[in-house]
Amino acid sequence: MRERCDHAHHMVAAINDKSDGFLDDLLPYAHILLNETEAGCNDLERTRSGLNALQSWDRPLVAAVGPQCSGELVEVARAEARAELAYDTVFISPSSTATKLSNTTAYPHVVRLSSPEAIVMAALAAFVERNNWGRVALLHDDGLWGIDSGAAFKAAFVDGAEGRELLTILNNDGDTGAKVPLTACRESDTAAATEWLDRLERVQARIIVLAVEPVSCAKGGIDRLCHELPFRVGVA
């Protein structure tokens, strides 16, 4: 994250320099003032406090690069929050992809640099079809993005050609086993990771679409899923 912020500082300095021959015609009459704060993924309180810190700056906050995650962007960009807290900041998010953020009435002044999950997962389903993988397990986290990502893949996969089987019921008791709790990711729950590997083994899943939010889960025990799955596609 530090490296990304440094990139932003470098580009702003380049835009502000109107005489070096690089990007001199971009915003030729503007001088950008830059400030930064930290925000997390699936950590709403940290995102809110970060936004408050930027808004307390001595200059009006015109635009913010971030949040990068869908849950946080939904929280700060929704029309109700803007009206309640009286701000109209433009949010430029590099990686948020939740489909609901495409609703510009509910989430105004949002610029996203990544395609929505409906498009991403339609492409992934087409990739699965191209490789003639008919039996696929779906595993996603229970955050806003994970649920949306899982639903988008399920819709694209099931609505496609016949002869496909999507494994989302991974428990013997018939309960849906598609969701990986984010709490298990954050708490380095190796027991939870082992349980999910056992469930996937019981249904003999060889192709697994894994939609697990990386920032929260990469450091937890659930990352065993990424290393020990037999064959996976769509690891986010």
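Structure: above.
Quick summary incoming for the structure in this document. (Residues numbered from 1 in each chain as written. Predicted model: local features only at pLDDT ≥ 70, side-chain atom pairs only at ≥ 80, totals over all residues. Heavy atoms only, no water.)

### Some thoughts on the environment of C41
The topology assignment puts C41 in the loop between α1 (2-16) and α2 (44-55). Separated by 31 residues in the primary sequence, C41 and E72 have C-alpha atoms spaced 6.8 Å apart. (Helix = DSSP H or I, 4+ residues; strand = E, 2+ residues; numbered from the N terminus.)

### Structural notes on the environment of F157
With respect to the element layout, F157 can be found in helix α6 (residues 144-158). The sequence separation of F157 and A125 amounts to 32 residues, and the corresponding C-alpha distance is 5.3 Å.

### Some details on the sheet that holds strand β3 (residues 110-112)
Spatially, the three strands line up as an open sheet ordered β1-β2-β3, and their pairing is parallel. Of all the strands in the sheet, the pair left with one neighbour each is β1 (63-65) and β3. Averaged over all adjacent pairs, the angle separating strand axes in this sheet is 15°, with direction ignored. Where strand β2 (residues 90-93) lies against β3, three bridges are found, and the strand directions are parallel. (Pairing = 2+ DSSP bridges. Axes fitted to C-alpha atoms, helices over the stretch in contact; angles between N-to-C directions.)

### Remarks on the packing of aromatic side chains
Throughout the structure, instances matching the rule amount to three aromatic pairs. On the basis of an interplanar angle of 85° and a centroid distance of 6.3 Å, the ring pair of Y87 and F91 is categorised as edge-to-face. Relative to F157, the ring of F153 has its centre 5.4 Å away and its plane inclined at 20°; by these criteria the two rings are stacked. With F153 and F157 both in helix α6 and four residues apart, the pair spans about one turn of that helix. (Phe/Tyr/Trp six-rings, centres within 6.5 Å; stacked < 30°, edge-to-face > 60°.)

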